[in-house]
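Summary of structural features
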Amino acid sequence: MNWLTDFVKPKLSSLVGKKETPSDLWTTCSKCNLMLYRSELEKNFYVCSHCDQHMYVDIDSRFRQLFDEQKYDFIEIPIENSDPLEFKDLKKYTDRIKEAQKKTNQKDAAIVATGKMGGQLVCIFLLDFSFMGGSMGQYVGEAFKIGCQKAVELQCPFISISSSGGARMQEGLISLMQLPKTVAAVNLLDKEKIPFISLLTHPTTGGVSASFAMLGDIIIAEKGSMIGFAGKRVIEKTINEQLPEDFQTAEYLLDHGMIDMVVHRKELRDTLSRVVSFVKK
Ligand SMILES: [Zn+2]
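The rules behind each value
Residue numbers here run from 1 along each chain, matching the order of that chain's written sequence. Local features in this predicted model are restricted to residues of pLDDT 70 or higher, and side-chain atom pairs are both shown and tallied only at a pLDDT of 80 or more, whereas totals for entire chains, interfaces and linings draw on every residue. Think of the side-chain values as coming from all heavy atoms in the structure, minus any hydrogens and water. Put simply, DSSP H or I for four residues or longer makes a helix, DSSP E for two residues or longer makes a strand, and each gets a number counted from the N terminus. Burial here depends on accessible area, computed with a 1.4 Å probe over protein chains only, as a share of the maximum for the residue type. Under 20% is buried, over 50% is exposed, and the range in between is partly exposed. Whether two residues are in contact is decided by their heavy atoms: any pair within 4.5 Å suffices. Each accessible area value is a Shrake-Rupley result obtained with a 1.4 Å probe; residue values ignore everything except the protein chains displayed when judging cover. When charges are counted, Lys and Arg are positive and Asp and Glu negative, with His and the chain ends excluded. We put the charge of a Lys on NZ, of an Arg on CZ, of an Asp on CG and of a Glu on CD. Space inside and on the surface of the protein is sampled on a 1 Å grid over the protein atoms alone, with a cavity defined as a set of points where a 1.4 Å probe fits but cannot get out and a pocket as an open set with protein on both sides within 12 Å along at least 5 of 7 lines; lining residues have an atom within 4 Å of a point. Grid points are joined across faces, edges and corners, and a volume is the space filled by probe spheres set on the points. Reported domain spans reflect what an automatic or database domain assignment gives. Two aromatic rings from Phe, Tyr or Trp, using only the six-membered ring of Trp, form a pair when their centres are within 6.5 Å; if the ring planes differ by under 30 degrees the pair is stacked, by over 60 it is edge-to-face, and anything between is tilted. The patches described consist of residues with a relative accessible area above 30% and no salt bridge, like charges being joined within 9 Å and nonpolar side chains (Val, Leu, Ile, Met, Phe, Trp, Tyr) within 5 Å. Within this document, salt bridges are pairs made up of a side-chain nitrogen of Lys or Arg and a carboxyl oxygen of Asp or Glu, the two lying within 4 Å of each other. Two strands are said to pair when DSSP picks up at least two bridges between them. For Na, K and Ca the donor cutoff is 3.2 Å, while for all other metals N, O and S atoms must lie within 2.8 Å; water is not among the atoms, so some sites may look incomplete. Working rule for geometry: tetrahedral if four donors all subtend angles between 85 and 135 degrees; square planar for four, octahedral for six, if opposite donors exceed 155 degrees and the others stay between 65 and 115; irregular in every other situation. In short, buried area is how much 1.4 Å probe accessible area vanishes from two parts on joining, totalled over both.

Regarding its fold elements, the chain presents eleven helices and nine strands. On the principal axes, the C-alpha backbone points of the chain span a range of 75 × 45 × 45 Å. Classification of the 281 residues of the chain by burial places 45% in the buried group. At a minimum sequence separation of 6, the contacts of the chain that also span at least 24 residues come to 66%. Element-wise, carbon and sulfur atoms account for 54% of the exposed surface of the chain, whose accessible area totals about 15300 Å². Averaging the positions of the 35 positive and the 36 negative side-chain charges in the chain gives two centres separated by 4 Å.

Following this line, the structure appears as structure tokens:
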């Protein structure tokens, strides 16, 4: 018997009359550290009500926000995760994959779904940052290609929603090969005159920003997202110059002509529906 937990703690709790609160009822804002009631945050599309910070959104919440009547169909990606290099650092790559699968209940970082948005059929490819930083390996590249092919088959606009740390280094050269592969898939959309809308969310970096994410016919960024290739500090050291405070933010990229729009998450569904109605065939 632990005297402190079994005797002292209950006695103290009964004296102060304080009930223990389940920790998952509350979460902390990643920017202003304010305690936020989780169900309120969910209703607010995971945007902090105090400082407007756009926090991480899980796949379900994102799709429920975007698709009409919260209805959508997942498209199956018929390949297995592979470990071509039998890579191992502190852990085996295969173990890292298994851990991420257990944590997210997903096969890999990419999901493809179809459904209606504002009454119009769309195909959405989404990268989930919680699965190994949304990194792009063979599975993700294949999922992107399948998403593009599905959009061609359905003759509907294709939307990619990125949040990624870049190429998946555990797959070495194979992960880098996904850059030209996704670019080829974008070319297929172009050839078939299928509109491609790229939505960049926090963060979109590395091999993803260096391939399909910046190739959208229309490129939209979510407010406050960090978008770039290499990190700010690496660039500063390379060019030996200090970069502006807002360097690599969505707003900075808009000011410098790299993207078309910066949109608040609450306006995302309406904005995307409007854009889709302009560009659809
Ligand atoms: Zn906040």
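A volume near 430 Å³ is recorded for the largest pocket. Surrounding the largest pocket, 23 residues form its lining, His 54, Met 55, Tyr 56, Val 57 and His 202 being those nearest its centre. At the level of secondary structure, the elements contributing two or more residues to the lining of the largest pocket comprise strand S1 (26-28), helix H2 (38-43), strand S5 (120-127), strand S6 (158-164) and strand S7 (196-204). It is S7 that contributes the most residues to the lining of the largest pocket, three residues altogether. Structurally, the lining of the largest pocket is a two-domain feature, drawing no fewer than three residues from each of domain 1 (1-55) and domain 2 (57-279).

With that out of the way, let us pick up the packing of aromatic side chains. Using the criterion set out here, one finds 13 aromatic pairs in the structure. Arranged with centres 5.1 Å apart and planes meeting at 65 degrees, the rings of Phe 63 and Tyr 72 form a pair that is edge-to-face. By relative accessible area, which is 0% here, Phe 63 ends up buried. An angle of 85 degrees between the planes, with centres 5.0 Å apart, marks the rings of Phe 125 and Phe 144 as edge-to-face.

Taken together, Leu 25, Trp 26, Met 35 and Tyr 37 make up a surface patch of nonpolar side chains, about 380 Å² in accessible area. Turning to its location among the elements, Trp 26 is positioned in strand S1.

Within the open sheet, the seven strands sit side by side as S3-S4-S5-S6-S7-S8-S9. Their pairing is mixed. Here the strands that pair on one side only, and so sit at the sheet edges, are strand S3 (73-74) and strand S9 (261-263). Here S3 pairs with strand S4 (residues 110-117) via two bridges, running antiparallel. Within S4, the position partnered with Asp 73 by the bridge is Thr 114.

With that settled, consider the coordination of the zinc ion. Ligation of the zinc ion by protein atoms is provided by Cys 29 (SG), Cys 32 (SG), Cys 48 (SG) and Cys 51 (SG), these donors lying 2.2 to 2.3 Å from the ion. Around the zinc ion sit four donor atoms; with metal-centred angles ranging over 105 to 112 degrees, the donor geometry is tetrahedral. Written as a sequence motif, the donor residues of the zinc ion are C-x2-C-x15-C-x2-C. Taken together, the residues span a long stretch of sequence, with Cys 32 in the loop between S1 and strand S2 (35-37) and Cys 48 in the loop between H2 and helix H3 (59-66) at a distance of 16 residues.

As a further point, take the pattern of salt bridges. Applying the stated criterion across every chain yields a total of 13 salt bridges. Across the pair Arg 62 and Glu 222 runs a salt bridge, and its minimum N-O distance is 2.7 Å. Taken together, the residues Arg 62 in helix H3 and Glu 222 in strand S8 (residues 218-222) connect sequence positions 160 residues apart. On the basis of relative accessible area, Arg 62 is assigned to the buried category, the value being 5%. Under the relative-accessibility criterion, Glu 222 is labelled buried at 2%. Between Lys 145 and Glu 142 there is a salt bridge, and its shortest N-O distance comes to 3.2 Å. Here the residue Lys 145 and the residue Glu 142 both occupy positions in helix H5 (residues 138-154), the gap between them amounting to three residues, near one helical turn. Owing to a relative accessible area of 26%, Lys 145 belongs among the partly exposed residues under this scheme.

Along its sequence, the chain is organised into domain 1 (1-55) and domain 2 (57-279). On a C-alpha basis, the centres of domain 1 and domain 2 stand 32 Å from each other. Each partner contributes to the interface: domain 1 provides seven residues, whereas domain 2 provides nine residues. With both chains or domains summed, domain 1 and domain 2 bury close to 830 Å², and 52% of this area falls on carbon and sulfur atoms. Inspection of the region where domain 1 meets domain 2 yields one salt bridge.

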